[in-house]
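# Observations on chain architecture
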Amino acid sequence: MSAPRSHAPHGSAPRGADGHPDPRPSVARVELEIGGMTCASCAARIEKRLNRIDGVEASVNYATEKALVSAPAGLDPQALIDEVVKTGYTAALPAPPAAEPEREREAADHELTGLRQRVIGSAVLSAPVILLAMIPALQFTYWQWASLALAAPVVVWGAWPFHRAAWINLRHGAATMDTLISLGVSAAFLWSLYALFFGHAGMPGMTHAFEWTIAPSDGAGDIYFEVAAGVTTFVLAGRYFEVRSKRRAGAALRALLQIGAKDVAVLRASAGDAAGALMESRVPIGDLRAGEQFVVRPGEKIATDGVVVSGTSAVDASMVTGESVPVEVAPGDAVVGATVNAGGRLVVRATRVGDDTQLAQMARLVEDAQSGKAKVQRLADRISSVFVPIVLLISLATLGGWLLTGASASMAFTAAVAVLIIACPCALGLATPTALLVGTGRGAQLGILIKGPEVLESTRTVDTVVLDKTGTVTTGRMALVDVVALVDVVAGGGGGAAGSAGPEGAARAGILRLAGALEHASEHPIAQAIARAAVAETGELPGVESFQSIPGKGVSGVVDGRAVLVGREELLDDWALTLPIELADAKTAAEASGRTAVLVAWDGEVRGLLVVADQVKPTSRAAITQLRALGLAPVLLTGDNAAVARTIADEVGITQVTAEVLPQDKVAAIKALQSEGRVVAMVGDGVNDAAALAQADLGLAMGTGTDAAIEASDITLVGGDLRSAADAIRLSRSTLGTIKVNLFWAFAYNVAAIPLAALGLLNPMIAGAAMALSSVFVVGNSLRLRRFRSVT
């Protein structure tokens, strides 16, 4: 089962309700896999090129490396691919579903392996070059030639991705950080070659003068191999970590598709059986066809969307719908694929399979939401769009200025090249990855997993936080919250603790003991909640005789010689038992607050009421307070019923509630908030939250939830404590602030030295000192994030 890759594909005309071709213009939705992008400006360039085609609307996502194109149905996808290729990038239609995971893994491994090899190789070769340049004591007789031999592979092979990207940008008249890196590295290396072969830097015994004096120089005795090699290595390391994070973007779709059943027990007529008897056989899910019947046993996932043919059971749909209470199903009821059969054996007729199922539609929602996200350009690229042209102009002005003043060509070129060298900030390669590594490392210690640098920008402007209920604000597990014994009501009590003095405590203990014993024999989640509470309060439970489960109503049996009934009011009606008015009022009150009421009777009389509900996590109220302190407005968004949602919201201090929403409605609710100008964070844990997590400006998934939600999110909260959401936003904002400070100083040190370079006053000592100082500052500033503490 896979999310569809296109709709109304090329060559097929959409048809109306009568089966005839639809006269309205048809639009095909085509997905392309894009290769070769190095920054957000690449995505913008491809998008602009595709949108020039008549009738085409394209959205290119740098993070997912995909383009979603709406085009006239008659347009050949190859024409779209050709346009992307003309722009200087690669494009291809997605592989068939069966081959796609393997192909994606191979592509990811190929690029990451290549980058990792470049990083390791460049680091090994650059380290001695930098040490030789910065420590005069290590400068042996022919050290400069050794530096050339070590730096050349780094500059040519290690920096090749930057040179290639700079060339593509040049062809389109654009300048990015790749342009600046390529220019700086090339200028440092080529000028060093000039100094070695045509100047006096290649003389035996040459050393870099370790002095602070500033005086004009022709530069023929200075080499900058450490600049070329160091910049390449640092920036390559940053690029590697960025690509590794970016490669995970498509994992949300794979996680969604993997939660479904892998095989199914289908009922088919055996070959040669004239009677047409149906035989059960287990087949891969892909072989199931609409209209066929299949068996779902207790504890198994329902293979696909369908209608119950026979059997009754409780279905745990919380993973898909968000409803905390299991849904009772009987013949004729619809069920959703990937939900869990918590009770009896079911026979289901498949109504939708493959790409038509609700699970596949949710995968499509995630894909659309991810592709529709606002593209986040890297901060360095935004700065470089202005910085690079200015540096080039200053370099040209320096060259022209020195020549006009009558200086030698050698000195003029020295000053011009020095501007390019000093303008390429070594610390830039450290600015983002060091802050990110320290910040994410500290986050991991606190149970907060941040996926990548693009996540951080959203945290700065988030003003609204949307919270799922089940499993996020609440535990997601049914629990006994109250016991109402008839003697309590008569005496005016409220259900004392087990073992307390007086008839109230004894009545409560008696109800729990008998009901718990009976429910212990049932697999129903509500029954298990009652049984757990009974064991905790009364100890070991007595045995049960003549146990019987009445589907959709409750259970009966004999406990300690008493005929006990536990279940709904319909079960009592079957036994002609009348519900006392006191218990009827308590039942109405419980259900009005969204809780589940279970009646208990024995020996022909109704004795009490058990109230079961999904409980609020102990830390949720404190978490809401912390989120408000960060300037965020909390909103509760749930698929559960309105009464339950309102009760939970009141308990934790949330005023805005949206309940009884389907997964697609959750996406619509997020979009509605965004259309109001809000920047929205979403916290959830279920499959039904995956699309909303992807649509939100910032998605936070509870680590105790499903893989689909975790993969679709930007931040994962490992422990399941909602207070971690506030910590995650504070940590993300701190990390983003650190990156901005790092970027400022990475440029500031070099910008301050540009006038010296332009005046011809730059010597290797000053260049090396500025580079080392900016790098040390960036690393030290990033390490401050290790002091981040959680608010308890």
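Being a predicted model, the structure only gives us computed values, none of them experimental.

## Section: the sheet that holds strand β24 (residues 680-684)
- Taken together, 7 strands build an open sheet; the order of strands is β14-β26-β25-β24-β15-β22-β23 and the sheet is mixed. Single-partner strands in this sheet number two, and they are β14 (448-450) and β23 (656-658). In this sheet, neighbouring strand axes are inclined to one another by 20° on average, regardless of whether the strands run parallel or antiparallel.
- Examined bridge by bridge, strand β25 (residues 698-702) and strand β26 (residues 715-717) share 3 bridges and lie parallel to one another. Of the residues in β26, the one forming a bridge with Met702 is Leu717.

## A closer look at helix α22 (residues 642-652)
- The set of residues buried in α22 consists of Val644, Ala645, Ile648, Ala649 and Val652. Relative to the axis of α22, the buried residues are bounded by an arc of 125° and lie together on one face.
- Elements that come into contact with the buried residues of α22 comprise α15 (469-473), β16 (474-485), β21 (605-616), α21 (620-629), β22 (633-637) and β23.
- Positive phi appears at Gly653, one or two residues downstream of α22, with a value of about 95°.

## Considerations on the side chain of Glu83
- Here Glu83 is to be found in helix α2 (residues 77-86).
- Apart from the residues within four sequence positions on either side, Glu83 is in contact with Arg49, Leu50 and Ile53.

## A look at the UniProt feature "transmembrane region" (unreviewed entry) in the protein
- As recorded in UniProt, the sites labelled "transmembrane region" (unreviewed entry) are residues 119-136, 142-160, 180-203, 223-241, 383-405, 411-438, 741-759 and 765-783.
- Helix and strand shares over residues 180-203 are 75% and 0% respectively, and the end C-alpha atoms of the span are 31 Å apart.

## Considerations on the sheet that holds strand β2 (residues 57-61)
- Read across the sheet, 4 strands follow the order β2-β3-β1-β4 without closing on themselves; strand pairing throughout is antiparallel. The open sheet has two edge strands, β2 and β4 (90-92), and neither has a second partner. Strand-to-strand twist of the sheet, defined as the mean angle between neighbouring strand axes without regard to direction, takes the value 25°.
- Both strand β1 (residues 27-35) and β4 contribute to a ladder of 3 bridges, which runs antiparallel. Looking at the pairing, Glu33 lines up with Ala92 of β4.
- Across the sheet, α2 is in contact with β1, β3 (66-72) and β4; its angle to β1 comes to roughly 35°.

The rules behind the values
- For every chain, the first residue of its written sequence is number 1, and the numbers climb from 1 along that sequence.
- Local features in a predicted model are, by the rule used here, given only for residues with pLDDT of at least 70; side-chain atom pairs are given and counted only at 80 or more, and totals for whole chains, interfaces and linings are based on all residues.
- Think of the side-chain values as coming from all heavy atoms in the structure, minus any hydrogens and water.
- Between any two strands, pairing holds if DSSP finds at least two bridges.
- The helix and strand labels rest on DSSP assignments: H or I over at least four residues marks a helix, E over at least two residues marks a strand, and numbering proceeds from the N terminus.
- Where helices are involved, their axes are fitted lines through C-alpha atoms of the stretch in contact, as for all axes, and angles between N-to-C directions lie from 0 to 180°.
- Working definition: with a 1.4 Å probe on protein chains only, accessible area under 20% of the residue-type maximum means buried, over 50% means exposed, and in between means partly exposed.
- Directions pointing from the helix axis toward each C-beta atom define the arc.
- In what follows, residue pairs with any heavy atoms lying within 4.5 Å of each other are defined as contacts.
- UniProt positions are given in the numbering used here, feature names are shortened, and annotations may be inferred rather than shown by experiment.

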